Amino acid sequence: MNIPVIMSLSPRGGGNSDQAADLFARTLRGESRSLRLRDHHVEPCTGCGACAGEGVCRMSGEDAAEDLFAQLDLASGLVLAAPVYFYHLPSQAKAWIDRAQSRYLARLGGHAAAGSVRPAYIILVAGRTRGENLFAGILPTLRYFLEALDFRIEDTALLRGLDGPGDFARDREAMDAVRRLAGRSGW
Ligand SMILES: Cc1cc2nc3c(=O)[nH]c(=O)nc-3n(C[C@H](O)[C@H](O)[C@H](O)COP(=O)(O)O)c2cc1C
């Protein structure tokens, strides 16, 4: 594929994360590929420990989790756009992230080599306008999740005060922040 993947992690179709992801894509000069996590069925990790051997998940091939990781393996870069839910990511997104434990353990056990590191950009949208720690739970989670998939977070747009599904498209400052982020990617 070798083009950036731009992925919305929101369960709400057409909401702020989707619109921010689409604006990022439209701002780029080059091609990108759009994904929505909610279009894919992903089971949560049960902590069964099967992947602790050779890093192979017991649910491998039964849902879309690993296929999505495989699509990201082919990407030249990644954008994740997500809403804040109770100071963290929506549960579907966290379920998918937890499934990367098999990737993490495969590498730890020497069954998979690290690939070349690619850039990642993060867009987070929150309904609240204030709160020092609004994004503080999500960012380390994304950092270590993406590290297991050979991405490094280069930059973020942390957007506040966006609640209703049309709020992003009405907020010039938020749209400019996403356009600037896309511009800084150089893609
Ligand atoms: C279950 C749930 C939990 C939420 N928790 C928070 C929160 O902790 N802090 C916050 O600022 N906004 C919170 N919100 C508001 C969303 O972040 C906000 O509506 C956001 O724009 C949704 O993005 P989307 O349109 O991409 O789905 C929550 C919304 C829902 C549905």
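Keep in mind that this is a model prediction, so the values were computed, not measured.

Re the pattern of salt bridges
- The final tally for this structure, using the stated rule, is 11 salt bridges.
- Arginine 36 serves as the salt-bridge partner of aspartate 18, at 3.5 Å between the closest nitrogen and oxygen. Separated by 18 residues along the polypeptide, aspartate 18 in helix H1 (residues 16-27) and arginine 36 in strand E2 (residues 33-36) bring together distant segments of the chain.
- Owing to a relative accessible area of 2%, aspartate 18 belongs among the buried residues under this scheme.
- The exposure class assigned to arginine 36 is buried, which follows from its relative accessible area of 15%.
- Residue aspartate 167 pairs with arginine 170 through a salt bridge whose shortest N-O separation is 3.0 Å. Of the two residues, aspartate 167 and arginine 170 both sit in helix H6 (residues 167-170), 3 residues apart, roughly one turn of that helix.
- Owing to a relative accessible area of 65%, arginine 170 belongs among the exposed residues under this scheme.
- Here the salt bridges share partners, and the residues they tie into one network are Asp18, Asp22, Arg36 and Arg38.

A word on unusual backbone geometry
- Here tyrosine 87, not a glycine, exhibits a phi torsion of approximately 65°, which is positive.
- In this structure, tyrosine 87 sits in the loop between strand E3 (78-83) and helix H3 (91-98).
- Given the relative accessible area of 36%, tyrosine 87 is considered partly exposed.
- Notably, aspartate 150 is not glycine yet its phi reads approximately 70°, a positive angle.
- Topologically, aspartate 150 is positioned in the loop between helix H5 (138-148) and strand E5 (151-159).
- Accessibility expressed as a relative area gives 11% for aspartate 150, which makes it buried.

Brief notes about the packing of aromatic side chains
- With the rule as written, the count across this model stands at 6 aromatic pairs.
- With centroids separated by 6.1 Å and ring planes inclined at 65°, the aromatic side chains of phenylalanine 24 and tryptophan 187 adopt a geometry described as edge-to-face. Here the residue phenylalanine 24 occupies a position in helix H1, and tryptophan 187 occupies one in the segment after helix H7 (172-185), the gap between them amounting to 163 residues.
- Here phenylalanine 24 falls in the buried class, since its relative accessible area comes to 0%.
- Ring centres 5.2 Å apart and planes at 90° place the aromatic pair tyrosine 121 and tryptophan 187 in the edge-to-face group. Here tyrosine 121, found in strand E4 (residues 118-125), pairs with tryptophan 187, found in the segment after H7; they are 66 residues apart in sequence, far enough to count as distant. For the pair formed by tyrosine 121 and tryptophan 187, the shared burial category is buried.
- Connected via pairs of aromatic rings, a cluster forms that spans Phe24, Tyr121 and Trp187.

A word on helix H2 (residues 65-73)
- Those residues of H2 lying buried are Ala65, Leu68, Phe69, Gln71 and Leu72. Down the axis, H2 shows its buried residues gathered within 155° of arc, on one side only.

Conventions we followed
Residues numbered from 1 in each chain as written. Predicted model: local features only at pLDDT ≥ 70, side-chain atom pairs only at ≥ 80, totals over all residues. Heavy atoms only, no water. Salt bridge = Lys/Arg side-chain N within 4 Å of Asp/Glu carboxyl O. Helix = DSSP H or I, 4+ residues; strand = E, 2+ residues; numbered from the N terminus. Buried < 20%, exposed > 50% of the residue type's maximum accessible area, 1.4 Å probe, protein only. Phe/Tyr/Trp six-rings, centres within 6.5 Å; stacked < 30°, edge-to-face > 60°. Arc of directions from axis to C-beta.

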